[in-house]
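# Inside the fold
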Amino acid sequence: MPDPRSRRRSLALAAGCAAVVALLAATPLAWFALSDAALLDRPAAMDQPYTSLVPTGEDYYLIRQLKAQNAAFLSVYGSRYATPAAEGTAAGEDPLLYTASGQNQGEMIWDAWTMYEYLNTLLDQLYTAGVLDDIWCSVGKTLLEHNGERVYYSNDSLGFTRISVFPEENEYDPCLMVVVESRTNKLVTLWMDFGTEYGRPGTPPDPAVCLPAWTRINELDGLGDWAPPAGTDFEESGLYSARGGVLMTCAAGNAWGDTERTWLCLHLGVREEF
């Protein structure tokens, strides 16, 4: 039979070992707690103040696609069509497989219902956003209504959709045309060409009002550096973002000097520098 005193000594020894193990296990926790308290209670000096990231064109899918289209178009069709951004972009590179969108009726797909409704909605959106005033929006809707049986569309291989409304007996020169990036549904180009039979809209849209509204509806206002490009031909009619490498313009005038015809063009394109 075991000795009771020996058994008590064994139990005491086991209890002592357990206490030592518990103490050793708690030591790192206590050390971490003291270290954290010391660090949190002491103000930390910063070598440099925090600055937010500066957005660039690469942060925007629409701009990346515009630049890809610009480079691809140059690669396929040659430097005579290049913008300053495209010059050298594709130099030394293999030609890109790119198909441009059709521009006349014979190269496009007829759709006098879906695209008609889309254009009607788009004009409303441009008016609501402040890109077009009520008079110019009305001109666009009048052109669409009078020529609604001749609405055509086509796509290029990078996803830009061209929608054109052709006047009667003219399959080459649309009276209303838009280009939108199909994934983002953002407007890249708007063109109107109309005669006195549709009335006179009066003064052209004010670029100081129209273009900032367009940056907002295209969600590009986050670039933060849109400004008229001083000392250039676009100083009165454009906004330029050096961070994005894009130029936005609004212009209107008489078609080929014909006072009976008026045109309006909004365009967003790549422009790395002037």
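You'll find the structure just up there.
Residues numbered from 1 in each chain as written. Predicted model: local features only at pLDDT ≥ 70, side-chain atom pairs only at ≥ 80, totals over all residues. Heavy atoms only, no water.

## What about helix H5 (residues 207–217)?
Of all the positions in H5, only Pro207, Cys210, Leu211, Ala213, Trp214 and Thr215 are classed as buried. Capping the start of H5 is the job of one residue whose side-chain oxygen sits 3.1 Å from the backbone nitrogen of Ala208: Asp206. Taken from the residues just after H5, Glu219 is the one with a positive phi, measuring 60 degrees. (Buried < 20%, exposed > 50% of the residue type's maximum accessible area, 1.4 Å probe, protein only. Helix = DSSP H or I, 4+ residues; strand = E, 2+ residues; numbered from the N terminus. Polar contact = N/O pair within 3.5 Å; in protein donor to acceptor, adjacent residues only side chain to side chain.)

## Considering the pairing of strand S3 (residues 160–165)
In summary, the side chains of a regular strand alternate between the two faces of the sheet. Most of S3 sits out of view: six of its six residues are buried. Sheet topology places strand S2 (residues 151–155) next to S3; five bridges connect them, and they run antiparallel. Residue pairing for S3: Ser154 is matched across the bridge by Arg162. Taking the residues that link successive antiparallel strands as the turn, the S2-S3 hairpin has four residues, and the phi of Gly159 there is positive, at about 95 degrees. Here six bridges tie S3 to strand S4 (residues 176–181), and the two strands are oriented antiparallel to one another. Across the sheet, Phe160 pairs through a bridge with Glu181, a residue of S4. (Pairing = 2+ DSSP bridges.)

## Details of the nonpolar core
Among soluble globular proteins, nonpolar side chains are generally buried collectively. If you look at the biggest cluster of nonpolar residues, it comprises 48 residues, and the most contacted ones within it are Leu132, Leu190, Met192, Leu266 and Leu268. Excluding residues within four positions of it along the chain, Leu266 makes contact with Val131, Leu132, Val188, Thr189, Leu190, Cys210, Trp214, Thr249 and Cys250. (Core = buried A, V, L, I, M, F, W, Y, C linked by side-chain atoms within 4.5 Å. Contact = heavy atoms within 4.5 Å.)

## Focus: the side chain of Asn147
If you trace the backbone, Asn147 turns up in the loop between helix H4 (134–146) and S2. For Asn147, a relative accessible area of 3% translates into the label buried. Beyond its immediate stretch of four places on either side in the chain, Asn147 contacts Val165, Phe166, Pro167, Glu168, Cys175 and Tyr198.

## Some details on the pattern of salt bridges
Inspection of every chain in the model, using the stated rule, returns four salt bridges. Of the charged contacts in the structure, one is a salt bridge between Lys67 and Glu272, with a shortest N-O distance of 3.2 Å. Of this pair, Lys67 sits in helix H2 (residues 61–77) while Glu272 sits in the segment after strand S8 (258–270), and the two are 205 residues apart along the sequence. For Glu272, a relative accessible area of 36% gives the class partly exposed. (Salt bridge = Lys/Arg side-chain N within 4 Å of Asp/Glu carboxyl O.)

## As for the environment of Gly130
When you line up the elements, Gly130 lands in the loop between helix H3 (114–129) and H4. When the C-alpha positions of Gly130 and Cys210 are compared, they lie 6.3 Å apart, and in sequence the two are 80 residues distant. Apart from residues no more than four positions distant in its own chain, Gly130 is found in contact with Val209, Cys210 and Ala213.

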